[in-house]
Amino acid sequence: LQLSLPTLDPARLLAVGARLGVLRHLGVLVIGSGFLTHGLPYLRDWSPSANPPGWSVDFDLWATDAVLRGDLDTLADFRHSAPGMPYAHPTTEHLAPLFVALGSASRIGAPAQEMIDGYFYGLAKRSFEVA
């Protein structure tokens, strides 16, 4: 079931995820899709193996650290505290699903496990799994 997000506010999206978390006990997989960086207007090299720009790497490493530590307060303040902004997310709808998925964890703020890393067209494609 695909859902439209009612807001882009991280705190409200974490709350939406928490409400969906009950479905996990019924065997439903909650997925928040989107690249960890999405600064398409700022890409210079349009090849799949392009070297990632500094803003993409900086945001990716910063967000990964916050997610792996379960530091949702830091992550939710990405607009003000994340390196690489606003280039990494000139608009935030591609990052928003991450907050729903993290909110659906069995324990909100539980550290995640890294599942996929790397870059595609210079954008971070990192993915996480939360229990």
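Scroll up to find the structure.
The following paragraphs examine the structure supplied in this document. (Residues numbered from 1 in each chain as written. Predicted model: local features only at pLDDT ≥ 70, side-chain atom pairs only at ≥ 80, totals over all residues. Heavy atoms only, no water.)

### A closer look at a nonpolar patch on the surface
Step number 1: On the surface, Val22, Leu23, Leu26 and Val28 cluster together to form a nonpolar patch covering roughly 350 Å² of accessible area.
Step number 2: By relative accessible area, Val28 is classed as partly exposed at 39%. (Patch = residues over 30% accessible without salt bridge, like charges linked within 9 Å, V, L, I, M, F, W, Y side chains within 5 Å. Areas by Shrake-Rupley, 256 points an atom, 1.4 Å probe, with all protein chains shown as cover. Salt bridge = Lys/Arg side-chain N within 4 Å of Asp/Glu carboxyl O. Buried < 20%, exposed > 50% of the residue type's maximum accessible area, 1.4 Å probe, protein only.)

### A word on the pattern of salt bridges
Step number 1: Under the criterion given, the structure shown has four salt bridges.
Step number 2: A salt bridge links Asp60 to Arg126; the shortest N-O distance between them is 2.7 Å. Remark: Arg126 occurs in the loop between strand S3 (123-124) and strand S4 (127-129) and Asp60 occurs in helix H2 (residues 54-69); sequence separation between them is 66 residues. When sorted by exposure, Asp60 lands in the same class as Arg126, which is buried.
Step number 3: A salt bridge links Glu114 to Arg126, with the shortest nitrogen-to-oxygen separation between them at 2.1 Å. (Helix = DSSP H or I, 4+ residues; strand = E, 2+ residues; numbered from the N terminus.)

### Some thoughts on the environment of Ser104
Step number 1: Here Ser104 shows up in the loop between helix H5 (96-103) and strand S1 (113-116).
Step number 2: Relative accessible area serves as the criterion here: at 1%, Ser104 is assigned to the buried category.
Step number 3: Separated by 17 residues in sequence, Ser104 and Tyr121 have C-alpha atoms that sit 30 Å apart.
Step number 4: At a separation of 2.7 Å, a polar atom in the side chain of Ser104 contacts the main-chain carbonyl oxygen of Ala101. (Polar contact = N/O pair within 3.5 Å; in protein donor to acceptor, adjacent residues only side chain to side chain.)

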